[in-house]
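# Examining the three-dimensional arrangement
If you want the building blocks of each chain, they are given just below.
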Amino acid sequence: MPADDENSARRPAGSLEAEVLRALVAASEPLTPREVRDRLGSPLSYSTVVTILTRMHDKGMTARYRDGRSFRYAPLTDDAAIAAGRMRAALSAGSDRASVLRRFVAALEPGDEEMLRRLLADDLD
C-alpha cells in the first residue's frame with residue numbers, strides 16, 4: 001500500500017534526534033517523553049519518542065532520571081557537538097583526508113570559508 005506524498009519522504013539520518021535534543025536544550029528542566037512529544041508538535045507516537053530518548057541515552061547524549069514509573073531526560077550535548085561528530089566520522093571514512101577536506105572547503109557556502117579561516121586563526125593565536 002503506497003504512502004501518501006507527505007509521509008513518504010524519509011527524514012534525514014539523525015534529524016529526529018536533533019529535534020528531540022533541541023526540545024531538551026530549550027527546556028529549563030529535564031522532560032518526560034510525553035513532555036518532549038508535546039514540545040515537538042509533530043505526530044510522533046509516545047513509543048517512538050521513548051525509543052529515541054532511550055537510544056540517545058545509550059549514546060551518552062542525554063542524562064536520565066527516574067521520576068515515579070517514568071524517566072525524565074536532560075541534554076548532555078548540543079546540536080553543534082553532534083554535527084561536529086558526524087563531520088569527524090565523514091572525514092575518517094575517506095581514504096585521503098586532505099582530498100576530503102579540500103572538497104569540503106570547496107563546497108562551502110559564501111562566507112563560510114572566511115569564517116573557517118577566522119576560527120582556525122583564533123585557535124592558532
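Here the structure is a predicted model, which is why all the values come from computation and not from measurement.

## A few points about the overall build of the protein
The helix and strand inventory of the protein stands at 7 helices and 2 strands. When the helices and strands of the protein are listed from N to C terminus, the series reads α-α-α-α-β-β-α-α-α. Relative to its 125 residues, the protein shows a buried fraction of 21%. Here the analysis covers contacts within the protein between residues at least 6 apart in sequence; of these, 42% occur between residues at least 24 apart. Carbon and sulfur atoms make up 53% of the accessible area of the protein, which totals about 9200 Å².

## A word on the packing of aromatic side chains
Applying the stated criterion to the full structure yields 1 aromatic pair. The ring of phenylalanine 71 carries the charged tip of arginine 64 above its face, separated from the ring centre by 4.4 Å.

## Details of the nonpolar core
Membership of the largest hydrophobic core comes to 16 residues, with the highest contact counts inside it found for Val20, Leu24, Val36, Leu40, Leu53 and Met56. Looking at this core, the elements that each hand over two or more residues are helix 2 (15–26), helix 3 (33–40) and helix 4 (46–58). Every residue in contact with valine 20, bar those within four places of it in the chain, is listed here: Val36, Leu40, Ile52, Leu53 and Met56.

## Structural notes on the environment of arginine 37
Considering the arrangement of structural elements, one finds arginine 37 in helix 3. Between the alpha carbons of arginine 37 and serine 47 there is a distance of 9.9 Å; along the sequence they are 10 residues apart. Here arginine 37 is in contact with Leu44, Ser45, Tyr46 and Val49, once residues within four sequence places are set aside.

Conventions we followed
- Residues numbered from 1 in each chain as written.
- Predicted model: local features only at pLDDT ≥ 70, side-chain atom pairs only at ≥ 80, totals over all residues.
- Heavy atoms only, no water.
- Helix = DSSP H or I, 4+ residues; strand = E, 2+ residues; numbered from the N terminus.
- Buried < 20%, exposed > 50% of the residue type's maximum accessible area, 1.4 Å probe, protein only.
- Contact = heavy atoms within 4.5 Å.
- Areas by Shrake-Rupley, 256 points an atom, 1.4 Å probe, with all protein chains shown as cover.
- Phe/Tyr/Trp six-rings, centres within 6.5 Å; stacked < 30°, edge-to-face > 60°.
- Lys NZ or Arg CZ within 6 Å of the ring centre and 35° of its normal.
- Core = buried A, V, L, I, M, F, W, Y, C linked by side-chain atoms within 4.5 Å.

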